[in-house]
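Residues per chain are reported as follows:
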Amino acid sequence: MFTAGNRLKLTIFGSSHGPYIGGILDGLPAGVNIDMDYINKWLDRRRPGINSITTQRKESDRIEFISGLKEFYTDGSPLGFIFRNEDYINKHYDYIRDNPRPGHADITMYYKYGEYRNYEGGGFFSGRMTLPLVAAGSIAMHILKNINISIVSYIKSAGGFNIQNENISDEDYSYSFRTRMPDPDLDDKLYNKILEIIKDGDSLGGIIKTIAYNIPPGIGEPFFDSVEGTIAHLMFSIPGLKGIEFGAGFKLGSMSGSQANDTFYYDGDKIKTRTNNSGGILGGITNGMPLEFSVVMKPTSSIRKKQETVNLKTHQPSEIQVIGRHDPFITLRAVPVVQALTGFAILDLIMSDSSQKKGDIFNRGDGN
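Residues numbered from 1 in each chain as written. Predicted model: local features only at pLDDT ≥ 70, side-chain atom pairs only at ≥ 80, totals over all residues. Heavy atoms only, no water.

Labelled according to an unreviewed UniProt entry, the protein appears under the name Chorismate synthase, originating from Acidiplasma aeolicum. Its UniProt record gives the protein the following Sequence similarities (unreviewed entry) comment, quoted word for word: "Belongs to the chorismate synthase family." In its Catalytic activity (unreviewed entry) section, the UniProt entry covering the protein states "5-O-(1-carboxyvinyl)-3-phosphoshikimate = chorismate + phosphate". (UniProt positions renumbered as here; feature names shortened; annotations may be inferred.)

1. Focus: the overall build of the protein
Counting its secondary structure elements, the protein contains seven helices and 18 strands. For 368 residues, the compact-globule estimate of 2.2 N^0.38 gives 21 Å, and the protein sits close to it at 21 Å. Seen through its C-alpha atoms, the protein measures out along the principal axes to roughly 70 × 55 × 40 Å. For the protein, the accessible surface area stands at approximately 17100 Å², while carbon and sulfur atoms represent 52% of it. Each charge class in the protein can be summarised by its mean position, and for the 40 positive and 42 negative side chains these summaries are 3 Å apart. (Helix = DSSP H or I, 4+ residues; strand = E, 2+ residues; numbered from the N terminus. Rg over C-alpha atoms; globule rule 2.2 N^0.38 Å. Areas by Shrake-Rupley, 256 points an atom, 1.4 Å probe, with all protein chains shown as cover. Lys, Arg positive; Asp, Glu negative; His and termini not counted. Charge placed at Lys NZ, Arg CZ, Asp CG, Glu CD.)

2. A closer look at the UniProt feature "binding site: FMN" (unreviewed entry) in the protein
Under the feature "binding site: FMN" (unreviewed entry), the UniProt entry names Gly-283, Lys-298, Pro-299, Thr-300, Ser-301, Ser-302 and Arg-325. In this fold, Gly-283 is placed in the loop between β14 (281–282) and β15 (285–286). A relative accessible area of 63% places Gly-283 in the exposed class. A relative accessible area of 12% means that Ser-301 is categorised as buried. With residues near it in sequence (within four places) discarded, Ser-301 still touches Pro-102, Gly-103, His-104 and Gln-307. (Buried < 20%, exposed > 50% of the residue type's maximum accessible area, 1.4 Å probe, protein only. Contact = heavy atoms within 4.5 Å.)

3. Observations concerning the pairing of strand β3 (residues 20–26)
Sheet topology places strand β2 (residues 9–14) next to β3; six bridges connect them, and they run antiparallel. By the bridge assignment for β3, Thr-11 is matched with Ile-24. Following β2, the chain reverses through five residues before pairing antiparallel with β3. Here β3 runs beside strand β7 (residues 79–84); their pairing, made up of six bridges, is antiparallel. Residue pairing across strands places Ile-24 opposite Gly-80, the latter belonging to β7. (Pairing = 2+ DSSP bridges.)

4. Let's talk about the UniProt feature "binding site: NADP(+)" (unreviewed entry) in the protein
According to UniProt, the positions carrying the feature "binding site: NADP(+)" (unreviewed entry) are Arg-46. Assignment of secondary structure puts Arg-46 in helix α1 (residues 36–46). Not counting the four nearest positions on each side in its chain, Arg-46 is found in contact with Asp-61, Gly-127, Arg-128, Thr-130, Leu-131, Val-134, Arg-333, Pro-336 and Val-337.

5. Things to note about the packing of aromatic side chains
Here the structure, examined in full by the defined rule, presents eight aromatic pairs. Taken together, a centroid distance of 5.3 Å and an interplanar angle of 75° make the contact between Tyr-173 and Phe-177 edge-to-face. We classify Tyr-173 as partly exposed; its relative accessible area is 34%. Given a relative accessible area of 11%, Phe-177 falls into the buried group. Here the aromatic rings of Phe-223 and Phe-224 are separated by 6.5 Å at their centres, their planes lie at 45°, and the arrangement is tilted. (Phe/Tyr/Trp six-rings, centres within 6.5 Å; stacked < 30°, edge-to-face > 60°.)

Below, the structure is given as structure tokens:
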């Protein structure tokens, strides 16, 4: 089992081709409403087989709560849940056992766990392990709505196409586009590009932009529990995610101080900044502006093109041509994972805040 979080803790367990994947969410008080429709909406957005440009593995991904709930309200104990794996084909991975896929954790899994490694479907290194992340994150996002915090994620760049619209504020908006790049023209172009990639037996990477609105200023702790550190720690649990930047990110390296600094002004009794190059964070603490960051997803390593590898038994050069069902553009299904996991990070940061009176952010239904 693997655990993350400070005041709000999430433990996940299972593997891609085992009978179950699950999670334990600990830290919620009694009386928090668990909205099944809201959770299922986000699980469906991550679900495989949703269209022709995702893996064709068919999973219902219906959540089953096994502890911590009484009539859809938390009872104060850890919230336990599972998902049943329904459509996995182990024989697709017979050849991969001794011929690791380039770019995949097959080889490091071998180094660390040897002959007893769980290699089928990538084991617990699989993107399928993001399922409990979305479940827990969607619960957090629903709670954050009580204090008017909303989170938006969308594909900003992929296939040579880059979106310029930075004014998206609806958490659902990007999901009305097939590629989750919320621009009608670029959505069509990217979709056709992905179809070409599929025909060629290859895969494609991409960049996901996230904006969180209405986070109170003063959230986060200096140094080791900074907002950036907390979010980055969680984001790198997503398989295939290889980089993160906050605000203007690496562009800051080519700016002068006068260009990079976000100057202050009063908007009524609130202090705001004219730009947001810092991404809403200064000194690891929120400054009241929208929290902005981007992550990069590498191209899926499981591709149908022939690639050079090695055979772990013969110690000789080998070739591999991956069969089975794999996402040619995993960035698409990573969008709701990033979005939901951001919700988990923000709720944990607020619950862990040492300096402010937060009141009851949970809007509990039991009158507490």
